[in-house]
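Each chain, letter by letter, is given below.
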Amino acid sequence: MRILFTGPGAAGHLFPMVTTAQALRAAGHEVLFAGSAPIDLLRNTGLPMVEIGDGSTLKDSFLQFQAEFTDQNRSHEDTIRLAARGFAQHGRVSIDGLLAVATAWRPDVLVHAPFQSAAPLVAAKLDIPAVVHNFGVLSGTDMVARLAGLLSEEYAAHGVAGPATHTVIDVVPESFGGDGGGWRVRYVPFNGGGAVPAELLGRGERPRIAVTLGTVVTDWSGVNSLVRLVAEAAEVDADFLLAVGGADLSSLGTLPGNVRALPWVPLAQLVESSDAIVHHGGAGTLLTAAAYGIPQLVLPQGADHFVNVDAAERAGFALRGADAEVDAAQLTRLVQEDSLRKGAHSFRTEIEGLPSPATLVASFEALL
């Protein structure tokens, strides 16, 4: 069986599909990823890939309304509407490339991230079974329909009435969100490859708190949201591991002695050696930390972050904070509050109760 995977050029949308693709390949099926720039995001997966699109990036698609994108006061509906506009544009320029790849390679199934707006059109045009691969709390089905509406002219031009009928893969427990009605599997983190410092292979002598802003926030606003946190960290009896890739740290001033800036480290391995995490609220970061059962402090920045922290608070494993208000007391609570640890352990157990991505192989085979 041949399975074509595709998603927007962003780690948060591509990485959740990798373990599914690896499971199918390990079972002997042929897998190919069609991705927009930067295609190098997929290089460490060990999976074959082909570039589609016109070379522009997802950020390029959002630059036309950057002020709206960075406004944290907009409503959830406004955020979703704004995201759909950007992802519709990002997908619009990849329609021809994805259609050419699918026509030449002839996949039996097309698996796509819900925000890949070209994929449902291509799957419908070529009559290929489609599978929407969700990445967290949000409904992929709703986004597919929303994006199809924004690409109505492109659908008409290709003689396609609407998006392909699809199956949905959810990677969160039913209590946490997703669409339901399809296949639900365990979230297995994939965060890219990288060297892990030997001292991070086990726990430290005192509590460790990982701090990250994911792969998008630093592109838009650097590390400005961490200025107060770093200053307050000096008053906390814990070591802080600052994992923000190659971001410019000058706005943070001189780092306190208990704050260490790390080079790129795969998030799963960083989280495994940490006792808690502070982050922006991206689905990949939140679910990676949840899979390892550690408490979380979320400082939402935009996108789906507010929806994610709502769900995490309800589940009992996360605190909500604000950039300008986080303080030593809240950071201390993060590593000392027993109810947070119990909530994190309980949710980890819920995740582990879901079937492995390897079980999807039989489901894919049944599609044909």
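Notes on the structure in this doc start here. (Residues numbered from 1 in each chain as written. Predicted model: local features only at pLDDT ≥ 70, side-chain atom pairs only at ≥ 80, totals over all residues. Heavy atoms only, no water.)

1. Describing the overall build of the chain
Okay, so step 1: In terms of regular secondary structure, the chain is built from 16 helices and 13 strands.
Okay, so step 2: Expressed as lengths along the three principal axes of its C-alpha atoms, the size of the chain is roughly 65 × 40 × 35 Å.
Okay, so step 3: Out of the 368 residues in the chain, the part that is buried amounts to 53%.
Okay, so step 4: Within the chain, residue pairs in contact and separated by at least 24 positions form 67% of the contacts whose partners lie at least 6 positions apart.
Okay, so step 5: Surface summary for the chain: the accessible area is close to 14700 Å², and the carbon and sulfur share equals 49%. (Helix = DSSP H or I, 4+ residues; strand = E, 2+ residues; numbered from the N terminus. Buried < 20%, exposed > 50% of the residue type's maximum accessible area, 1.4 Å probe, protein only. Contact = heavy atoms within 4.5 Å. Areas by Shrake-Rupley, 256 points an atom, 1.4 Å probe, with all protein chains shown as cover.)

2. Describing the packing of aromatic side chains
Okay, so step 1: The tally for this structure, following the rule as stated, stands at nine aromatic pairs.
Okay, so step 2: For the ring pair Phe115 and Phe135, a centre distance of 5.8 Å and an interplane angle of 40 degrees mean the geometry is tilted. Of this pair, Phe115 sits in the loop between strand S4 (109-112) and helix H6 (119-126) while Phe135 sits in the loop between strand S5 (130-133) and helix H7 (140-150), and the two are 20 residues apart along the sequence.
Okay, so step 3: Residue Phe115 is classed as buried on the basis of its relative accessible area of 7%.
Okay, so step 4: Residue class for Phe135 comes out buried when judged on its relative accessible area of 9%. (Phe/Tyr/Trp six-rings, centres within 6.5 Å; stacked < 30°, edge-to-face > 60°.)

3. Points about the nonpolar core
Okay, so step 1: If you look at the biggest cluster of nonpolar residues, it comprises 81 residues, and the most contacted ones within it are Leu4, Phe5, Phe33, Phe176, Phe317 and Phe364.
Okay, so step 2: In terms of residue count, the dominant contributor to this core is helix H1 (residues 11-26) (seven residues).
Okay, so step 3: Among residues more than four places away in sequence, those in contact with Leu4 are Leu32, Ala34, Leu98, Val101, Ala102, Trp105, Pro107, Val109, Leu110 and Val111.
Okay, so step 4: Counting residues in hydrophobic clusters, the runner-up holds 27 residues, among them Leu226, Val259, Leu299 and Ala328. (Core = buried A, V, L, I, M, F, W, Y, C linked by side-chain atoms within 4.5 Å.)

4. What to know about the side chain of Arg208
Okay, so step 1: Turning to its location among the elements, Arg208 is positioned in strand S8 (residues 208-212).
Okay, so step 2: Of the buried charged residues, Arg208 lacks a salt bridge, with Asp239 as the closest side chain of opposite charge at 5.5 Å.
Okay, so step 3: Polar contacts involving the side chain of Arg208 include one to the main-chain carbonyl oxygen of Gly202, which spans 2.6 Å.
Okay, so step 4: Filtering out sequence-adjacent residues up to four positions away, Arg208 remains in contact with Glu199, Leu200, Gly202, Arg203, Asp239, Leu241, Ser273, Ser274, Asp275 and Ala276. (Lys, Arg positive; Asp, Glu negative; His and termini not counted. Salt bridge = Lys/Arg side-chain N within 4 Å of Asp/Glu carboxyl O. Polar contact = N/O pair within 3.5 Å; in protein donor to acceptor, adjacent residues only side chain to side chain.)

5. Side note on the side chain of Thr45
Okay, so step 1: Within the secondary structure layout, Thr45 lies in the loop between strand S2 (30-35) and strand S3 (49-51).
Okay, so step 2: Assessed through its relative accessible area of 8%, Thr45 is described here as buried.
Okay, so step 3: Excluding residues that lie within four positions of it along the chain, Thr45 makes contacts with Val18, Gln22 and Phe190.

6. Comments concerning the sheet that holds strand S7 (residues 183-184)
Okay, so step 1: Taken together, the seven strands give an open sheet; going across it, the order is S3-S2-S1-S4-S5-S6-S7, and neighbouring strands pair in parallel fashion. A single partner strand is all that each edge strand has here, and the edge strands are S3 and S7.
Okay, so step 2: Both strand S1 (residues 2-7) and S2 contribute to a ladder of six bridges, which runs parallel. If you follow Phe5 over to S2, its bridge partner there is Phe33.
Okay, so step 3: Lying on the sheet, helix H5 (residues 95-105) is in contact with S1, S2 and S3; it crosses S1 at an angle near 170 degrees.
Okay, so step 4: H7 rests against S4, S5 and strand S6 (166-170) of the sheet, and its axis sits at about 135 degrees to S6. (Pairing = 2+ DSSP bridges. Axes fitted to C-alpha atoms, helices over the stretch in contact; angles between N-to-C directions.)

7. Section: H1
Okay, so step 1: The end-to-end C-alpha distance of H1 is 22 Å, a good match for the 22 Å that 16 residues give at a rise of 1.5 Å each.
Okay, so step 2: Taken as a whole, H1 carries its principal kink of about 30 degrees at Val18.
Okay, so step 3: Among the residues making up H1, those that are buried are Ala11, His13, Leu14, Phe15, Pro16, Met17, Val18, Thr19, Thr20, Ala21, Ala23 and Leu24.
Okay, so step 4: Just downstream of H1 lies Gly28, where phi reads positive at about 100 degrees. (Expected span 1.5 Å × (residues − 1). Bend = angle between axes of the 7 residues up to and from the residue.)

8. What about the pairing of S8?
Okay, so step 1: In terms of burial, S8 is a largely internal element, five of the five residues being buried.
Okay, so step 2: Pairing geometry for S8 and strand S9 (residues 239-243), over five bridges, is parallel. Paired with Ile209 across the strands is Phe240, a residue of S9.
Okay, so step 3: As defined by bridge partners, S8 adjoins strand S11 (residues 276-279) across three bridges and the pair is classed as parallel. Among the inter-strand pairings, Ile209 is bridged to a residue of S11, identified as Ala276.

9. Some thoughts on helix H4 (residues 76-92)
Okay, so step 1: Given a rise of 1.5 Å per residue, 17 residues ought to cover 24 Å, and the 24 Å separating the end C-alpha atoms of H4 matches this to within 8%.
Okay, so step 2: By the burial criterion, the buried members of H4 are Thr79, Ile80, Leu82, Ala83, Ala84, Gly86, Phe87, Ala88, His90 and Gly91.

10. Points about the pattern of salt bridges
Okay, so step 1: Within this structure, the stated rule accounts for 17 salt bridges.
Okay, so step 2: Across the salt bridge formed by Asp40 and Arg43, the nearest N and O atoms sit 2.7 Å from each other.
Okay, so step 3: What makes Arg43 exposed here is its relative accessible area of 52%.
Okay, so step 4: Of the charged contacts, one joins Asp338 and Arg341 as a salt bridge, the two residues approaching to 3.3 Å between their closest N and O atoms. Pair noted here: Asp338 and Arg341 are both in helix H15 (residues 338-352), with a separation of three residues, about one helical turn.

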